[in-house]
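# Descriptive structure summary
These are the residues of each chain, in order.
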Amino acid sequence: MFPTFIRLPFRTFFLRATASRYLHTLALGAFVAWLAAWHGAALPQGLSGTDAKTRSVTQTVLGIVGYSRWPGDPQPVRLCVVGATEYADELLQGTEPLHSRRIEVRRLRLDDATLATSCDGIYAGRLDDDEWRRLAERIGPQAVLSIGERRELCRIGCMFCLDVRPEGVGFESNPEAVARSGVRVNPRVLQLSRRKAGP
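Below is a short write-up of the structure. Every chain's residues receive numbers from 1 upward, in the order its sequence appears when written. For a predicted model such as this one, the threshold for reporting local features is a pLDDT of at least 70, and the threshold for listing and counting side-chain atom pairs is 80 or more; totals across whole chains, interfaces and linings nevertheless cover every residue. In computing side-chain properties, one takes all heavy atoms of the structure into account and sets aside hydrogens as well as water.

What follows deals with the overall build of the protein. Helix and strand definitions here come from DSSP, where helices need a minimum of 4 consecutive H or I residues and strands a minimum of 2 consecutive E residues; each element is numbered from the N-terminal end. Secondary structure summary: the protein contains 6 helices and 9 strands in total. Only protein chains enter the accessibility calculation, which uses a 1.4 Å probe; a residue is then buried when its area is under 20% of its type maximum, exposed when over 50%, and partly exposed in between. Counting over 199 residues, the protein shows a buried share of 50%. Here, two residues are considered to be in contact whenever any of their heavy atoms come within 4.5 Å of each other. At a minimum sequence separation of 6, the contacts of the protein that also span at least 24 residues come to 70%. Here the Shrake-Rupley method, with its probe set to 1.4 Å, supplies the accessible areas, and only the displayed protein chains count as covering residues. Accessible area of the protein: about 9,500 Å², with a carbon and sulfur share of 52%.

Take a look at the structure:
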């Protein structure tokens, strides 16, 4: 049975904790419990649809990045935004630290020569299948977290894909892509996603 598909509310929620293992565990537990508590939540009043979706996408992406681990523990984590995006504006404006981790977000062109070596994570916008495949080929065996705005990218090797709907934002995961990525994602976060197998 697949884990329950979680929809996130449209409100800002950033986890802060010290670097200690104990507080990190408490923060993760709070994050997971908070996501689960908002299953099926409706749009709150007072936010426009676009602003609400952008904010919720931001917190979803930061949650996934914050509970992922890379070989060598990069500081800061370099998240690169590529392609035309609909919900990345708040990410690009700057992010607050998640517990002991800093995240540096910048936009790069798909043909940027440094893309394959200067990114710990990729936020892929509205890339078509061929664009994604070319990008994945350039990344190769490097430990890079991938999150896509198009749900279809999880069919072809993206690790996480956003599912943005009027009532909330959820995400899917491709377990095979996660396993071969070289990035370790906390299993409790993976359980919040809906699984999508590759081709």
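For the rest of this paragraph, the subject is the packing of aromatic side chains. Side-chain rings of Phe, Tyr and Trp (the six-membered ring for Trp) are treated as a pair once their centres are within 6.5 Å; stacked means planes under 30 degrees apart, edge-to-face means over 60, and tilted covers the remaining angles. If you walk through the whole model with that rule in mind, you get 1 aromatic pair. Both rings, one in Phe160 and one in Phe171, keep their centres 6.0 Å apart while their planes meet at 65°; by these two values the pair is edge-to-face. Taken together, the residues Phe160 in strand 6 (residues 160–165) and Phe171 in strand 7 (residues 168–173) connect sequence positions 11 residues apart. In this pair, the class of Phe160 matches that of Phe171, namely buried.

What counts as a salt bridge is simple: a side-chain nitrogen of Lys or Arg found within 4 Å of a carboxyl oxygen of Asp or Glu. Per the stated rule, a full pass over the model turns up 10 salt bridges. Between Asp129 and Arg150 there is a salt bridge, with its nearest N and O atoms 3.1 Å apart. Placement of the pair is Asp129 in helix 4 (residues 129–139) and Arg150 in the loop between strand 5 (145–148) and strand 6, with a sequence separation of 21 residues. The pair formed by Asp129 and Arg150 is uniform in burial state, with each residue classed as buried. With its nearest N and O atoms 3.0 Å apart, the salt bridge here joins Arg165 to Asp163.

The next point concerns the side chain of Asp120. Within the secondary structure, Asp120 is located in the loop between strand 3 (103–108) and strand 4 (121–124). If near-sequence neighbours (up to four positions away) are discounted, Asp120 is found in contact with Trp70, Pro74, Pro76, Val77, Arg78, Ala143, Val144 and Leu145.

With that settled, consider helix 4. Among the residues making up helix 4, those that are buried are Asp129, Trp132, Leu135 and Ile139. Across the axial projection of helix 4, the buried residues extend over an arc of 125°, all falling on one side. Across from the buried face of helix 4, at angles greater than 90 degrees, the exposed residues are Arg134 and Glu137. Buried residues belonging to helix 4 abut strand 2 (77–82), strand 4 and strand 5. Gly140, located one to two residues past helix 4, shows a positive phi value of around 60°. Think of the arc as the fan of directions from the helix axis to the C-beta atoms.

It is worth spelling out the environment of Tyr67 at this point. Looking at the secondary structure, you find Tyr67 in the loop between helix 2 (49–66) and strand 1 (68–69). A relative accessible area of 4% means that Tyr67 is categorised as buried. C-alpha of Tyr67 to C-alpha of Arg184: the two residues are 117 residues apart in sequence and 8.5 Å apart in space.

We now examine unusual backbone geometry. Here the amide bond leading from Gln75 into Pro76 is cis, since omega sits at 0°, within 30 degrees of zero. Among the secondary structure elements, Pro76 is positioned in the loop between strand 1 and strand 2. We note that Asp73 has phi near 45°; this positive angle belongs to a residue other than glycine.

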